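Breakdown of the fold
Below are the chains, spelled out letter by letter.
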Amino acid sequence: MNTNKTVPAALIGSFDISAAGHGKGFLGDINGDGIMEVVFVQADGDIDDRYVPHTVTCVTAYDLLGKLLWQAGKPVEKPGHFGADFPAQIYDFDNDGKLEVLCVMDGKFCVLDGATGKEKAKYPLPDPEAHDCIIIANLTGKEHAGEIILKNRYFDMWAMDHDFNVMWKHHGNIGHFPYAFDINGDGFDEVMAGYDMLDHNGNILWSCKDLEDHADCLWVGDVNGDGKYEIAVGGSVTCLYSADGKELWRYDGSIESQHVALGRFIEGAPGLQLAGLDRIQRGDGYKGQWDGKDGLFLVDSEGKEVLKEDRKTKGWLTIADTLSNWNGDGKDHILAYRRGGGVNPGLYNDRLEPVTEFPVNFEGEEYVLHADLFGRGKEDVIVYTRTEAYIFSGEAADVKTLIENNKGKGALPQPKRLYSQTLYPGGCVYIK
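Residues numbered from 1 in each chain as written. Predicted model: local features only at pLDDT ≥ 70, side-chain atom pairs only at ≥ 80, totals over all residues. Heavy atoms only, no water.

**What to know about the overall build of the protein chain**
Here is the rule: Per the convention used, a helix needs a DSSP run of H or I reaching at least four residues, while a strand needs a run of E reaching at least two, with both numbered from the N terminus. The size measure is the radius of gyration over C-alpha atoms, and the globule rule it meets is 2.2 Å times the number of residues to the 0.38 power. Accessible area is worked out with a 1.4 Å probe on protein chains only. A residue is then buried under 20% of its type maximum, exposed over 50%, and partly exposed in between. Throughout, a residue-residue contact means that at least one pair of heavy atoms, one from each residue, lies within 4.5 Å. Surface accessibility follows the Shrake-Rupley procedure with a 1.4 Å probe radius. Residue values consider only the protein chains on display as shielding. Within this scheme the basic residues Lys and Arg register as positive and the acidic residues Asp and Glu register as negative, but His and the chain ends are omitted. Think of each charge as sitting on NZ of Lys, CZ of Arg, CG of Asp or CD of Glu.
Broken down by element type, the protein chain carries one helix and 34 strands. The C-alpha radius of gyration of the protein chain comes to 20 Å, within 12% of the 22 Å expected for a compact globule of 432 residues. Dimensions of the protein chain, computed from C-alpha atoms along their principal axes, come out at roughly 50 × 50 × 45 Å. Counting only residues that meet the buried cut, the protein chain has 59% of its 432 residues in that class. Sequence separation of at least 24 residues holds for 53% of the intrachain contacts in the protein chain that already meet a minimum separation of 6. Working note: accessible area of the protein chain is about 17200 Å², and carbon and sulfur atoms make up 48% of it. In the protein chain, which carries 42 positive and 69 negative side-chain charges, the distance between the mean positions of the two groups comes to 3 Å.

In structure tokens:
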């Protein structure tokens, strides 16, 4: 029973994005003006993206007032569905202090100038299907991460140096979005490639045991509070591994752990908690079966179940993520969207009750971006549909005023979460 009052977020702006042709959203301060811009990436259609990776057909950039800044490529009438990642990221690839848009278009890895959309560089792919997603990693121990990992669905991945020479190839059960992170502090990123932990040379350090299917999402954080990083794996079950490959616990109280998210969701509780999304009854959009149902769950730092959502509505495509510092409150919330069944996107507390909602509902076709959009030190939210983007904040504000207030303060940083954007949210809760 929801005893907590749900507060609608303040809608502070909206704009038409129909010219982007129904693309997936990415965030970054692409022109260095101190305000985030939103880049919509449209992908190819007429493929079964359960098995075939997408390529990019069009990239469109907007500012937060809705001005179309540039467009690379031409939108197609029947773009690809959001059933898999799109091969794109926003990152300072050439380390010149300015962001580029990285994407796979026309069979090439393309580097586009973030401010103008003009092509800066183009590289051949290591394999015709090496474009399921783009992972940026530091495999050479330099100060700036400059290597690229590409993969297919779901078994091969290639590590490329900055000049796009193949450094190594790995074959295995690599899941959706491998996560690169220096988990042992040696100055090089290790790569959690699905159920295999690789060193920066592509050698297997250890592997998860007795796990079925594949890894849907991966998180890194000091879950048990011992001062060391652990790896949370969401897939057939949810489990936690130490940095050296010891399984610390396994939660098998879900049917299918489609998404997990780490955070400090329970005030005063030790370590981190893990929120997850359980596919209770899977539907099949390819067969027109939309009667599935999912639900959130929450486990503590020891893997013990705290609570399960008693969901009464249909809807099986929810995405769960962690949103930190909403409205500057310093707290972590569980963000859940694409819920279907008449349920709006929203922020949930440790009782799995919605405490903030974003009243944009297109029955599972609304998507969410979140970041410090205006350099205020707190996160805002963008909910977008096929044709419209809506900007929400924790309190009433004026977008024009917010933009004016941050002009001249320098470019906003691009945190790792924003250059590791994926349909299967993962990430890191850094040790403080």
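**Considering the environment of aspartate 29**
Which entries qualify depends on this criterion: A 3.5 Å cut-off defines polar contacts: any pair of N or O atoms within that distance qualifies, except that in protein one atom must be a possible hydrogen donor and the other a possible acceptor, and neighbouring residues in sequence count only when both atoms are side-chain atoms.
Along the chain, aspartate 29 falls in the loop between strand E3 (24-28) and strand E4 (37-43). Sequence separation between aspartate 29 and histidine 81 is 52 residues; the distance between their C-alpha atoms is 26 Å. Discounting residues that sit within four places of it in the chain, aspartate 29 has contacts with Gly34, Ile35, Met36, Glu37, Leu99, Ala411, Leu412 and Gln414. Only 3.1 Å separates the side chain of aspartate 29 from the backbone nitrogen of aspartate 33, close enough to count as a polar contact.

**Overview of the pairing of strand E12 (residues 147-151)**
The test is simple: Between any two strands, pairing holds if DSSP finds at least two bridges.
Of all five residues that make up E12, five are buried, and the element is covered over most of its length. Residue alternation in E12 divides its side chains into two sets, Glu147, Ile149 and Lys151 and Ile148 and Leu150, and both sets are buried. With four bridges connecting them, strand E11 (residues 134-137) and E12 associate as antiparallel partners. From the neighbouring strand, alanine 137 faces E12, where its bridge partner is glutamate 147. Both E12 and strand E13 (residues 156-160) contribute to a ladder of four bridges, which runs antiparallel. What sits directly across from lysine 151, in E13, is methionine 157. Between E12 and the antiparallel strand that follows it, E13, lie four residues.

**Points about the sheet that holds strand E20 (residues 230-234)**
Stated precisely, the cut-off is as follows: Only C-alpha atoms enter the line fits that serve as axes; for helices the fit covers just the stretch in contact. Angles between N-to-C directions range over 0 to 180 degrees.
One open sheet accounts for five strands, arranged E22-E21-E20-E19-E34; its pairing is mixed. A single partner strand is all that each edge strand has here, and the edge strands are strand E22 (247-251) and strand E34 (427-429). Neighbour to neighbour, the strand axes of the sheet diverge by 20° on average, direction disregarded. As paired strands, strand E19 (residues 217-221) and E34 are joined by three bridges and run parallel to one another.

**As for the sheet that holds strand E26 (residues 305-308)**
Strand order across the open sheet formed by four strands is E23-E24-E25-E26, with antiparallel pairing between neighbours. The sheet terminates laterally at strand E23 (257-263) and E26, the two strands that pair on one side only. Averaged over all pairs of adjacent strands, the angle between strand axes in this sheet comes to 20°, irrespective of strand direction. Where strand E24 (residues 273-281) meets strand E25 (residues 293-299), seven bridges bridge the pair, whose relative direction is antiparallel. Paired with leucine 277 across the bridge in E25 is leucine 296.

**Looking at the pattern of salt bridges**
The cut-off we apply is this: Salt bridges are defined as contacts in which a side-chain nitrogen from Lys or Arg sits within 4 Å of a carboxyl oxygen from Asp or Glu.
A complete count under the given rule lists 20 salt bridges for this structure. Residue aspartate 132 is joined to arginine 153 by a salt bridge in which the shortest nitrogen-to-oxygen separation is 3.1 Å. One end of the pair, aspartate 132, is in the loop between strand E10 (119-124) and E11; the other, arginine 153, is in the loop between E12 and E13, and 21 residues separate them in sequence. Linking glutamate 379 and arginine 417 is a salt bridge whose minimum nitrogen-to-oxygen distance equals 3.4 Å. Of this pair, glutamate 379 sits in the loop between strand E31 (367-371) and strand E32 (380-384) while arginine 417 sits in the loop between helix H1 (399-406) and E34, placing them 38 residues apart in sequence. The class for glutamate 379 is buried, based on a relative accessible area of 13%. Salt bridges linked by common partners bring Asp94, Asp96, Glu100 and Lys120 together as one network.

**Structural notes on the environment of histidine 144**
Tracing the chain through its elements places histidine 144 in the loop between E11 and E12. Accessibility expressed as a relative area gives 23% for histidine 144, which makes it partly exposed. As a C-alpha pair, histidine 144 and methionine 192 span 48 residues in sequence and 20 Å in three-dimensional space. When near neighbours in sequence (up to four residues on either side) are disregarded, histidine 144 contacts Tyr91, Asp92, Phe93 and Asn95. Here the side chain of histidine 144 touches aspartate 92 through a polar contact of 2.7 Å, landing on its backbone oxygen.

**A look at the state of the cysteines**
Note the cut-off: Any cysteine sulfur atom paired with another within 2.5 Å is treated as part of a disulfide.
If you walk through the whole model with that rule in mind, you get zero disulfides. There is no disulfide at cysteine 103, and the cysteine sulfur nearest it, in cysteine 110, is 5.2 Å away. There is no disulfide at cysteine 428, and the cysteine sulfur nearest it, in cysteine 217, is 15 Å away.

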